[in-house]
Amino acid sequence: MSASGAVLPLRFDGKVAVVTGAGGGLGRTYALLLAERGASVVVNDLGGNIKGEGKSSSAADRVVEDIRAKGGKAVPNYDSVEEGEKIVQTALDAYGRIDIVINNAGILRDRSFARTSDLDWDLIQRVHLRGSFKVTRAAWNHMRNQKYGRIIMTASSSGIYGNFGQANYSAAKLGLLGLSNTLAIEGQKYNIQCNTIAPTAGSRLTQTVLPQELLDALKPEFVAPLVAWLCHESCQENGSLFEVGGGWIGKLRWERTLGATVMQKNQQMTPEAVRDSWERICDFENATKPKSNKESISTLYEVLNKLDEKKGASMNPTSGSMQVSTSGPNPAEAVGKKIPLTEYTYTNLQPILYALGVGMTTKDPDHLKFLFEGNEEFSCLPTFGVIPAQDSMNGSLALVPGLNIDFTKVLHGEQYLELHKPLPTSGTLKSEGTIADILDKGSGAVILLDVHTYNEKDLVCYNQFSVFVVGAGGFGGKRTSDKVKVTMNPPNRPPDAIMRDLTSVDQAALYRLNGDWNPLHIDPNFAAFGGFKKPILHGLCSMGFAARHVLKQYANNDVTKFKAIKVRFAKPVVPGQTLETEMWKEGNLIHLQAKVKESNEVVLAGAYVILEEAVQKPKANGTGMKAQLQSDLVFAEISRRIKNVGKELVKKVNAIFQWDITKDGNTAAQWTIDLKNGSGELYKGAAQHQADTIFTMSDEDFIQVVSGKLNPQKAFFAGKLKVKGNIMLSQKLEIILKDYAKL
Ligand code: NAI
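Residues numbered from 1 in each chain as written. Predicted model: local features only at pLDDT ≥ 70, side-chain atom pairs only at ≥ 80, totals over all residues. Heavy atoms only, no water.

1. As for the sheet that holds strand 10 (residues 410-419)
- An order of 9-11-12-13-10-15-18-17-16-14 is seen for the 10 strands of this open sheet, with the pairing classed as antiparallel. Only two strands of the sheet have a single neighbouring strand rather than two, namely strand 9 (338-346) and strand 14 (497-502). Sheet twist, expressed as the average angle between the axes of neighbouring strands with direction ignored, equals 20 degrees.
- Inspection of the sheet shows strand 12 (residues 444-455) paired to strand 13 (residues 458-470) by 12 bridges, in the antiparallel sense. Following the sheet pairing, threonine 453 is matched in strand 13 by cysteine 461. (Pairing = 2+ DSSP bridges. Helix = DSSP H or I, 4+ residues; strand = E, 2+ residues; numbered from the N terminus. Axes fitted to C-alpha atoms, helices over the stretch in contact; angles between N-to-C directions.)

This is the structure we're talking about:
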């Protein structure tokens, strides 16, 4: 089959091609070759001089005549490539379609860089880069609609390698390669292919710089066959770059050294470290050849993973000489850092958009107050409180020293939101974030970010974002923190209520319009980098669904009743799945768990909502403290449990305990556990009968004690626990806390 080329000539019958700058040089030969093989050709040429000055129709006309004389089909066009629409329109008017665009028109304004004027720069960019953009864009939608297109960009070895006196030209020429690379990606699914050539040929552009023998050997006819092949429908090449000239063709690709990680564990990256690794950074031995952005990034991941493995080995004294290591976050420098204040201005639109984003619908009449600004009770859903605060989260990661942020590896782990006032339906809110703590979970680092959101001077809500950075652990940090807002498991009984909602396939696409732009929720490629089969729903969106289920089930959609919510994001949800919220009512503490119905997997775990009455009104001497304390939850739990066994405890303990809980040094709440009178009772406020023992402790330390992390005796000796009255009775209390406040 050696004669296969002759048997099956590559034909272009029925195809319509635009060749720009086809009045001479390379463009002319492309036009002639394509026309000779059946294409209908628009011969475009402005007919100016080599520097882009003047214009004339004669150049294009002559080529059209030549084509027609040979029996081919061609029409002239005399517009500048900067008017791309007109050139493409000529093709549509004459032949009704456009299949091939060869961006070839070009001029030169060579100057040493020091002498390059604005005009020298601008004209070159306009003709080469902007011109190719304009012509190609004008053709693009036609190609997309017909699911076929072939595009050529013309770069130059001056752009690839640089060339003295051609700064303007080199920049434009390599700009075209970037343009081509991206068009190749965007066009692929429409069968639009885009390739770039860097030709060398004798033409009026080169006749002053190349000797005659070379000009003869470098005929444009030795370039045109490559262009024709790349424009043929049977050619599958896409996104490639070729050097071509004198009958020779070579393909180019990027090469990258294995490189070196120059940052040492728990250290800043320094210029000295770069200098010391220079040889390895630049060593092309075993170099890789990334073909795409995806490949480039995934190679990077491989390198990082390898380094992680090696890092483990470096703990081993026998490999103490190992120099490569990734760094980790540096809590000492980061904790307490304030995130620059963020401002969020909104109108009625945003709360409505949010309500739609978390699945509210006009099908449900009592959703109207969240969807229609004209409704008498128009309100903001309580969980909208995360929206003004979310910008602080994005700002926080950059403030953690030693943390290499790879956004495909950042997961939202947990969320706590506490409302201090119903959210205004429009206005300007300011949020102040602080890095509360950084934890080392081995497989990753957890960044705790506290964000307080204010309306003027009033605290409206408080958020705690818990962000998990995969792969950033193992830096020798602590595993837990008293700053964490704890999760709670639901009671061990079937749920008291269940509500479910089908999420739409566009749920994440809609929810992101609230300003949560992470491409993980919309871009399949990005999601794939993160190891997900499809883009996933925002965890905060699932939280919004669950929260409104609770609000409807237990608070009649009254937003003033909603005090706080805590959730842990256990598994991803794919838009289109059914979210099912299971609820357990324990007083005004509503435990909840959300599942994906289709898979029965728990997606929100350890979660709860606190409704307003969860905090009982102070009976006497109450502090009237509004803000939610973590200890409130514990007392609510003790209260519930005492109810069943109160009588027994009264017999056993026979004492009254008063708790003074402090926050920032001030008494924030008082609680009394009366195990002396009647069948026992727990109430908020100071003891109404003489207390036997009064304990004073901070909210945080109290949580540490009941969760078993802080020993009460140690707390006492460390001055964290103050006891007045009968100190011996405190031992009895310890038993109660242990048995009745397990969280
Ligand atoms: P050429 O000067 O013979 O052809 C370029 C054509 O473009 C001319 O006919 C000119 O009138 C036309 N043109 C200029 N500005 C225009 C505008 N605004 N609108 C429409 N047409 C316009 O030059 P040659 O050598 O054939 O170059 C073709 C392409 O190949 C150019 O983009 C050039 O930069 C590139 N190239 C050529 C090399 C060579 O060795 N000849 C080397 C590297 C790149």
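2. Observations concerning helix 19 (residues 539-555)
- Between the first and last C-alpha of helix 19 there are 23 Å, a value that for 17 residues agrees with the 24 Å anticipated at 1.5 Å per step.
- Counting buried residues along helix 19, 13 of its 17 residues qualify, which places the element largely inside the surrounding structure.
- Of the residues trailing helix 19, asparagine 556 is marked for its positive phi of about 50 degrees. (Expected span 1.5 Å × (residues − 1). Buried < 20%, exposed > 50% of the residue type's maximum accessible area, 1.4 Å probe, protein only.)

3. Focus: helix 14 (residues 349-357)
- Among all positions in helix 14, only Pro351, Ile352, Leu353, Tyr354, Ala355 and Gly357 are buried.
- In this fold, the buried residues of helix 14 make contact with strand 9, helix 15 (368-371), helix 17 (507-511) and helix 19.
- Downstream of helix 14 by one or two residues, glycine 359 has phi in the positive range, about 90 degrees. (Contact = heavy atoms within 4.5 Å.)

4. A look at the state of the cysteines
- Per the stated rule, a full pass over the model turns up 0 disulfides.
- Here cysteine 235 stays free of any disulfide, with the sulfur of cysteine 231 as its closest cysteine sulfur at 8.7 Å.
- Residue cysteine 235 is classed as buried on the basis of its relative accessible area of 1%. (Disulfide = S-S within 2.5 Å.)

5. With respect to the pairing of strand 16 (residues 578-586)
- Of all 9 residues making up strand 16, 8 are buried, and the element is well covered by its neighbours.
- The pairing of strand 14 with strand 16 spans 6 bridges and is antiparallel. Among the inter-strand pairings, aspartate 501 is bridged to a residue of strand 16, identified as leucine 579.
- The pairing of strand 16 with strand 17 (residues 589-596) spans 8 bridges and is classified as antiparallel. From the neighbouring strand, methionine 583 faces strand 17, where its bridge partner is leucine 592.
- Linking strand 16 back to strand 17 in an antiparallel pair, the connection comprises 2 residues, with glycine 587 at a positive phi of about 65 degrees.

6. Examining the environment of leucine 729
- With respect to the secondary-structure elements, leucine 729 resides in the loop between strand 23 (721-725) and helix 23 (730-740).
- Placed 37 residues apart in sequence, leucine 729 and aspartate 692 show a C-alpha to C-alpha distance of 8.0 Å.
- Leucine 729 has contacts with Val653, Ala655, Phe657, Asp692 and Thr693, leaving out every residue within four places of it along the chain.

7. What about the pattern of salt bridges?
- Applying the stated criterion across every chain, the model contains 28 salt bridges.
- Glutamate 377 is paired through a salt bridge with lysine 369; the nearest N and O atoms lie 3.4 Å apart.
- Glutamate 377 sits in the partly exposed class, given a relative accessible area of 48%.
- Look at lysine 369 and you get buried, because its relative accessible area is 12%.
- Through salt bridges with shared partners, a single ionic network connects Glu53, Arg109, Arg111 and Asp120. (Salt bridge = Lys/Arg side-chain N within 4 Å of Asp/Glu carboxyl O.)

8. Observations concerning the nonpolar core
- Of all hydrophobic cores here, the largest spans 52 residues; its most connected members are Leu381, Phe384, Tyr511, Ile565 and Val609.
- Broken down by element, this core gets its largest block of residues, 9 residues, from helix 19.
- Discounting residues that sit within four places of it in the chain, isoleucine 565 has contacts with Thr383, Gln415, Tyr416, Leu417, Met543, Ala547, Tyr608 and Val609.
- Core analysis: the next-biggest nonpolar cluster, separate from the first, contains 34 residues, Val19, Ala31, Ala228 and Cys231 among them. (Core = buried A, V, L, I, M, F, W, Y, C linked by side-chain atoms within 4.5 Å.)

9. Observations regarding the packing of helix 5 (residues 118-146) against helix 7 (residues 167-187)
- Running from amino to carboxyl end, helix 5 crosses helix 7 at an angle of 15 degrees, the nearest separation of the two axes being 8 Å. The pairing of helix 5 with helix 7 is recorded here as roughly parallel in orientation. At the point where helix 5 passes helix 7, the crossing takes the right-handed sense. Each of Asp120, Trp121, Ile124, Gln125, His128, Leu129, Ser132, Phe133, Thr136 and Trp140 in helix 5 lies in contact with helix 7, whose residues at this interface are Ala167, Asn168, Tyr169, Ala171, Ala172, Lys173, Gly175, Leu176, Leu179, Leu183, Glu186 and Gly187.
- Considered class by class, the residues forming the contact of helix 5 with helix 7 number 12 nonpolar, 7 polar and 3 charged. (Parallel < 35°, antiparallel > 145°, perpendicular 65-115°, else oblique. Left-handed = near helix turned anticlockwise from the far one by under 90°. Nonpolar A, V, L, I, M, F, W, Y, C, P; charged D, E, K, R; others polar.)

10. Description of the sheet that holds strand 23
- Sheet architecture is open: 5 strands sit in the order 21-20-19-22-23, paired in mixed fashion. Each having just a single partner strand, strand 21 (681-684) and strand 23 make up the two edges of the open sheet. Each adjacent strand pair in this sheet contributes to an overall mean axis angle of 20 degrees, direction not counted.
- Direction of pairing for strand 20 (residues 666-675) relative to strand 21: antiparallel, over a ladder of 4 bridges. Bridging from a neighbouring strand, threonine 672 pairs with tyrosine 683 of strand 21.

11. Quick notes on the site of the ligand
- In the vicinity of the ligand lie 30 residues, with Leu26, Asp45, Asn104, Tyr169 and Ser203 positioned nearest.
- Here a nitrogen atom of the ligand sits 3.1 Å away from a polar atom, N or O, in the side chain of serine 80.
- Within the contact set of the ligand, an oxygen atom lies 2.8 Å away from a backbone nitrogen or oxygen of asparagine 104.
- Breaking the shell around the ligand down by element, the ones donating at least two residues are helix 2 (25-36), helix 5, helix 7 and strand 6 (192-200).
- For the shell around the ligand, the class distribution of residues is 11 nonpolar, 15 polar and 4 charged. (Near = heavy atom within 4 Å. Polar contact = N/O pair within 3.5 Å; in protein donor to acceptor, adjacent residues only side chain to side chain.)

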